[in-house]
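Structure assessment
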Amino acid sequence: MPSRMTIDLIDEAKQAKSTYDGERSDLDRGIADYVIPQNSAINTLKTAHTDGWTDGIYDNTIIQAQQTFSAGCYEYMLSGEWFDFTAPTIGGEKSEIADEWYRKCAEVIQELLNESNFSLMIQRHLNDRNSFGHGDISLEQGKERLFNFRVSPVGTVFVVEDDEGLVDTRYVSYDWTAKKIVGRFGEEAVSPDVLDAYLDDTQRNKKTFKIWHIIRPREDTDREYGKIDGKNKPFMSYWCEENAQHELDNNGFDEKPFVFSRFERWTSEYGWSPAILALPTTRASQSIMRDLTALSELKVWPRTIVPDNFKDIIEWAAGGATVYPANSANGAKPEVWGDGGDYNIGKDIFEMLTQMIKDCYHVDLFKALAERTKQMTATEVMELVQEKLINFRPTFARFTSETLNPLLNRAFNLALRAGRLPPVPREVLEQDESGEFSVPQPRPVHVSKIARALRALENKSILEFMQQIAGLLELDPNLFFDNYDADKLVRTLGDNNSLPTDLKRSTIDRDELRNQRAQAQQAQQAAAMAESATQSAANMGKAPPEMQQALQKQLGM
């Protein structure tokens, strides 16, 4: 007998799917047909050996534009050392010891990411996000490696937002064989229908069953205070079979394990992408390319009029000769006809359409970044990409805040619980009102190529401002120091230029250096005053007696 919770959760999942089907599935399938055809089996049955995957594609401009954009996002946002951790600011202060510990943690997390399947899965996620406008990626603890990333295909994942517009609930549908279900959950956990298919050699690898994986926040009323087992964790992880309404597993996560990223939030839970903007243009370019192809074929193989009394064979091969009666007065001569059409006009329109598609995907930005030469100065590079970077800034900001930061925090927590991070110093721990200690979440800092380029724009603004006020500073240097924090400005310029962090003095060392300098200056001033007094005394001793007596009287000696 199915439980009420299982019935309710399946109903919720089916309702979320119904909402997606009604609002979004047709658009996503239309996008996939032109942009990412390998993912176009949305609400339709396609197999690897059937037609229909690339039907209607005559021009692959948008496919290449999306691939260039996604590859550029990976290369300039996620390659090399693309992030760092700093300590959170607590009470307006930050511990240097804590800051150093978080930086070491970032190095460990980077190594764990390199060992995992992150590179492969994040590229799939970028393809989905940049094509459909939304994509799912999750991070769970693996069997052989600590980090195991998964990407659920668009059309199988359905989401719900909370009251703040953040996706906190996810339903994923799977069509799994009996072998796969039993392999994941064991014979004792599955329904009789699945078990029967599993025990039947002819059905084990063929018959499929729809199952659901549901992740959502657990209500406080559904958790037993003080317990930390799977059924009482903050996020529910629930697996069930749809037809049998059978529970397969009820477990949980300490934090949300998935990210549902959106290129830009649209009217519902799902996202907007450049492909949506470029879709009408893409349909037009496909039509123009189809017509140009037909026109070029017509020019190569023109239509021919053949008289009804023509009995010879028309030779179509290059250099071929067709024989017709000499005394026919052209009556029996085949003629070309209906081969009109201006190829150049169609070509011009096509080139205009394809450029519009490339502009939607910032293709010129990544070409500018990829094609720059080593001889170019940093200023020349910035001038080259500054305008294009400004247009790219919003999607970069959303991707870091909505996708990368939650994944990095999730990775940090997994590594912390697994004991893979360095020993935690006392300066890192935070104590709550009940006296319990915890490790605060780090503050991710992005140091990728794009992040550095965007920060270089900030440097450019600072330097231009300094040049503008140079004349005023000659009149009064305190105008700057009275209005701006010079220490923060210098450190910001260094950070924006990605100077190695080990070159930067800690604020403690900086203040100590200034104290030593001030003490040395005071000592020098005291020595100079003492030397001056000694010299004055010596000079006074050389003065005539009457002058010494007058000076002593004046000084009250």
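What counts, and at which threshold
- Residues numbered from 1 in each chain as written.
- Predicted model: local features only at pLDDT ≥ 70, side-chain atom pairs only at ≥ 80, totals over all residues.
- Heavy atoms only, no water.
- 1 Å grid on protein atoms, 1.4 Å probe; cavity = no way out; pocket = protein on both sides within 12 Å on 5 of 7 lines; lining within 4 Å.
- Points joined across faces, edges and corners; volume = space filled by probe spheres on them.
- Helix = DSSP H or I, 4+ residues; strand = E, 2+ residues; numbered from the N terminus.
- Nonpolar A, V, L, I, M, F, W, Y, C, P; charged D, E, K, R; others polar.
- Pairing = 2+ DSSP bridges.
- Axes fitted to C-alpha atoms, helices over the stretch in contact; angles between N-to-C directions.
- Buried < 20%, exposed > 50% of the residue type's maximum accessible area, 1.4 Å probe, protein only.
- Salt bridge = Lys/Arg side-chain N within 4 Å of Asp/Glu carboxyl O.
- Polar contact = N/O pair within 3.5 Å; in protein donor to acceptor, adjacent residues only side chain to side chain.
- Patch = residues over 30% accessible without salt bridge, like charges linked within 9 Å, V, L, I, M, F, W, Y side chains within 5 Å.
- Areas by Shrake-Rupley, 256 points an atom, 1.4 Å probe, with all protein chains shown as cover.
- Lys, Arg positive; Asp, Glu negative; His and termini not counted.
- Charge placed at Lys NZ, Arg CZ, Asp CG, Glu CD.
- Parallel < 35°, antiparallel > 145°, perpendicular 65-115°, else oblique.
- Left-handed = near helix turned anticlockwise from the far one by under 90°.
- Contact = heavy atoms within 4.5 Å.
- Phe/Tyr/Trp six-rings, centres within 6.5 Å; stacked < 30°, edge-to-face > 60°.
- Lys NZ or Arg CZ within 6 Å of the ring centre and 35° of its normal.
- Expected span 1.5 Å × (residues − 1).
- Core = buried A, V, L, I, M, F, W, Y, C linked by side-chain atoms within 4.5 Å.

Another aspect to go through is the layout of surface pockets. Its boundaries defined by the atoms lining it, the second largest pocket holds a volume of some 1200 Å³. In terms of lining residues, the second largest pocket is bounded by 39 residues, among which Pro153, Ser173, Tyr174, Asp175 and Trp176 are the most central. The set of elements that each furnish at least two residues to the lining of the second largest pocket consists of strand E2 (134-141), strand E3 (147-150), strand E5 (167-177), helix H6 (178-185) and strand E6 (208-217). Sorting elements by how many residues they give to the lining of the second largest pocket places E5 first, with 6 residues. Each residue belonging to the lining of the second largest pocket can be placed in one class, and the counts come to 12 nonpolar, 16 polar and 11 charged.

With that out of the way, let us pick up the sheet that holds E3. Strand pairing in a sheet relies on backbone hydrogen bonds. The paired strands run either parallel or antiparallel. Strand order in the open sheet formed by 3 strands is E3-E2-E9, and the pairing between neighbours is antiparallel. Strand pairing shows two members of the sheet lacking a second neighbour, E3 and strand E9 (258-262), which therefore form its edges. Neighbour to neighbour, the strand axes of the sheet diverge by 20° on average, direction disregarded. Sheet topology places E2 next to E3; 4 bridges connect them, and they run antiparallel. Counterpart to Glu140 in the pairing with E3 is Asn148.

Let us now look at the pairing of E5. The buried fraction of E5 amounts to 8 of the 11 residues, a majority that puts the element mostly inside the structure. Hairpin connection of strand E4 (residues 157-161) to E5: 5 residues between the antiparallel strands, including Gly165 at a positive phi of 80°. Pairing of E5 with E6, which is carried by 8 bridges, proceeds in the antiparallel orientation. Pairing of Val172 across the sheet is with His213, part of E6.

Applying the stated rule across the entire model yields 20 salt bridges. Here Arg103 ties to Glu100 by a salt bridge, and the two come within 2.9 Å at their closest N and O atoms. Here Glu100 and Arg103 lie together in helix H4 (residues 96-115), a separation of 3 residues that amounts to about one turn. On the basis of relative accessible area, Arg103 is assigned to the buried category, the value being 17%. A salt bridge links Arg410 to Glu255; the shortest N-O distance between them is 2.5 Å. A residue pair is termed long-range when its members are at least 10 positions apart, and Arg410 in helix H11 (residues 378-417) and Glu255 in the loop between strand E8 (246-253) and E9 qualify at 155 residues.

Moving on: the environment of Asp168. Along the chain, the position of Asp168 falls in strand E5. Residue classification places Asp168 among the buried positions, given a relative accessible area of 16%. A distance of 3.2 Å separates polar atoms of two side chains, one belonging to Asp168 and the other to Thr169.

Further remarks concern a positive patch on the surface. A cluster of like positive charges, contributed by Lys143, Arg150, Lys180 and Arg184, occupies part of the molecular surface. Positionally, Lys143 belongs in the loop between E2 and E3. Here Lys143 falls in the exposed class, since its relative accessible area comes to 88%.

Attention now goes to the packing of helix H3 (residues 61-78) against helix H5 (residues 118-132). Put simply, H3 and H5 touch, their axes get as near as 9 Å, and they point 130° apart. Between H3 and H5, the crossing angle belongs to the class labelled oblique. Crossing hand, H3 versus H5: right-handed. Where H3 abuts H5, its residues Gln66, Phe69, Ser70, Cys73, Tyr74 and Leu78 lie against Phe118, Ser119, Ile122, Gln123, Leu126, Asn127, Asn130 and Ser131.

Our next topic: the packing of aromatic side chains. Scanning the entire structure with this criterion turns up 20 aromatic pairs. In this structure an aromatic cluster arises from ring pairing among Trp82, Phe83, Phe85, Trp101, Tyr102, Phe118, Phe147, Phe149 and Phe412. The lysine or arginine in question, Arg204, covers the ring of Tyr198, its NZ or CZ lying 4.7 Å from the ring centre. The ring of Phe258 carries the charged tip of Lys256 above its face, separated from the ring centre by 5.2 Å.

Moving on to H5. If you check H5, its first and last C-alpha atoms are 21 Å apart, about what 15 residues at 1.5 Å a residue would give, namely 21 Å. In the stretch just after H5, Gly133 is the one whose phi turns positive, near 100°.

If you check the backbone angles, Gln245 has positive phi at about 50° while not being a glycine. When you line up the elements, Gln245 lands in the loop between strand E7 (235-241) and E8. The exposure class assigned to Gln245 is partly exposed, which follows from its relative accessible area of 27%.

So, on to the packing of helix H2 (residues 25-35) against helix H8 (residues 274-300). With their axes 10 Å apart at the nearest point, H2 and H8 run at an angle of 55° to one another. The orientation of H2 with respect to H8, classified from their angle, is oblique. For the pair H2 and H8, the sense of crossing is left-handed. Taking contact as the criterion, the partners of Leu27, Gly30, Ile31, Tyr34 and Val35 in H2 are, on H8, Ala275, Ile276, Leu279, Thr282, Arg283 and Gln286. In terms of residue class, the contact of H2 with H8 is built from 7 nonpolar, 3 polar and 1 charged.

Mapped onto the elements of the fold, Ser448 is located in the loop between strand E16 (443-446) and helix H12 (449-468). The class of Ser448 is buried, set by a relative accessible area of 1%. Within the structure, the side chain of Ser448 is placed 3.3 Å from the backbone oxygen of Tyr76, a separation counted as a polar contact. The residues contacting Ser448, other than those within four sequence positions of it, are Tyr76, Met77, Trp82 and Phe396.

Bringing the nonpolar core into the picture now. Leu78, Ile109 and Phe147 are the most contacted members of the largest nonpolar core, which totals 88 residues. When residues in this core are grouped by element, the largest group, 10 residues, is from H11. Not counting residues within four places of it along the chain, the set of residues in contact with Phe147 comprises Ile109, Leu112, Leu113, Ser116, Asn117, Leu139, Glu140, Ala411, Leu414 and Ala415. Counting residues in each nonpolar core, the second largest holds 14 residues, with Ile181, Val182, Ala197 and Trp239 among its members.

Another point: a negative patch on the surface. Residues Glu81, Glu107, Glu111 and Glu115 make up a contiguous surface patch of negative charge. Within the secondary structure, Glu107 is located in helix H4.

Turning next to empty space enclosed by the protein. Tallied over the entire structure, the rule returns 1 cavity of 30 Å³ or more. A per-element tally of the lining of the largest cavity places H11 first, with 4 residues. Classifying every residue of the lining of the largest cavity gives 8 nonpolar, no polar and no charged.

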